[in-house]
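Below are the chains, spelled out letter by letter.
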Amino acid sequence: RWKVLHYFFRRTLFTDQFATCGVASRGTNGDNSVGRTRASVTRPFLCGIVNDSPWAFHGQFTLKAISLTQRGNGSTTLKTLPLVMGAAGFSEWHNVTIGTLDPTTTVLVATISNSSAHVVHENLIPLTSPENMRLRAANVTAVVTGLTVTVSTDWPALWVVLTCAAHGRFEDNAFLLRGSRTIDFVPFVDEQEEVLRETIRVEHVGQHIL
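Here's a quick rundown of the structure. (Residues numbered from 1 in each chain as written. Predicted model: local features only at pLDDT ≥ 70, side-chain atom pairs only at ≥ 80, totals over all residues. Heavy atoms only, no water.)

1. Here's the deal with the side chain of Arg 169
With respect to the element layout, Arg 169 can be found in strand β11 (residues 168–170). Notably, Arg 169 is buried but unbridged: the nearest opposite-charge side chain belongs to Glu 171, and the N-O separation is 7.9 Å. For Arg 169, the contacting residues outside a window of four places in its chain are Trp 2, Tyr 7, Arg 10, Asp 184, Phe 185, Val 186 and Phe 188. (Helix = DSSP H or I, 4+ residues; strand = E, 2+ residues; numbered from the N terminus. Buried < 20%, exposed > 50% of the residue type's maximum accessible area, 1.4 Å probe, protein only. Lys, Arg positive; Asp, Glu negative; His and termini not counted. Salt bridge = Lys/Arg side-chain N within 4 Å of Asp/Glu carboxyl O. Contact = heavy atoms within 4.5 Å.)

2. Observations regarding the pairing of strand β13 (residues 180–187)
Direction of pairing for strand β9 (residues 148–153) relative to β13: antiparallel, over a ladder of 5 bridges. Among the inter-strand pairings, Val 151 is bridged to a residue of β13, identified as Arg 181. Alignment of β11 against β13, held across 3 bridges, turns out to be antiparallel. Considered in β13, the bridge of Arg 169 is made with Val 186. (Pairing = 2+ DSSP bridges.)

3. A few points about the sheet that holds β13
The 4 strands lie next to each other as β8-β9-β13-β11, forming an open sheet whose pairing is antiparallel. Whereas interior strands pair on both sides, the edge strands pair on one side only; in this sheet they are β8 (140–145) and β11. With direction set aside, neighbouring strand axes in the sheet form an average angle of 25°. (Axes fitted to C-alpha atoms, helices over the stretch in contact; angles between N-to-C directions.)

Have a look at this one:
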């Protein structure tokens, strides 16, 4: 069975295209960290985008700020860029003004889509460590139908993790959930539907810090 880091790596480091953002220079208060418990933070950010595939890549980069305390969409697009990248190790860097964000209630999500608008890379970037986040007491549920799991939440839930006793792995795991989402279970052997349904378990980081 896959561990949480397997899912993180599959979604980020082990993709042919990769993007991440971080502090580019000191902020107005002279602190070079992203922020811990301050009410708000303004930072000049630098985003790096890399193409590690042996072919040129055309697509789009998007950086969004996601609210952890708002129902519904609760997101703001901070940057979109068309990508025309050469092959094998091509990289580019972009300054991004993120404005004033609350690091305790906001995360950033960097995505790369290909020319068919299919997301090939997604990187969730926290602005502070989990114990400093002000998360809602989200009620997350999981309903199994065959080899499909529908997870739902009333408030944004950070790093939702699905586990079970069935032999296989989930299509995705340890993700940010807003509203509902359907996840496929990929069995390693036959006849895992009943075990999946009877042993499915769902948890999220808010359960352990609230």
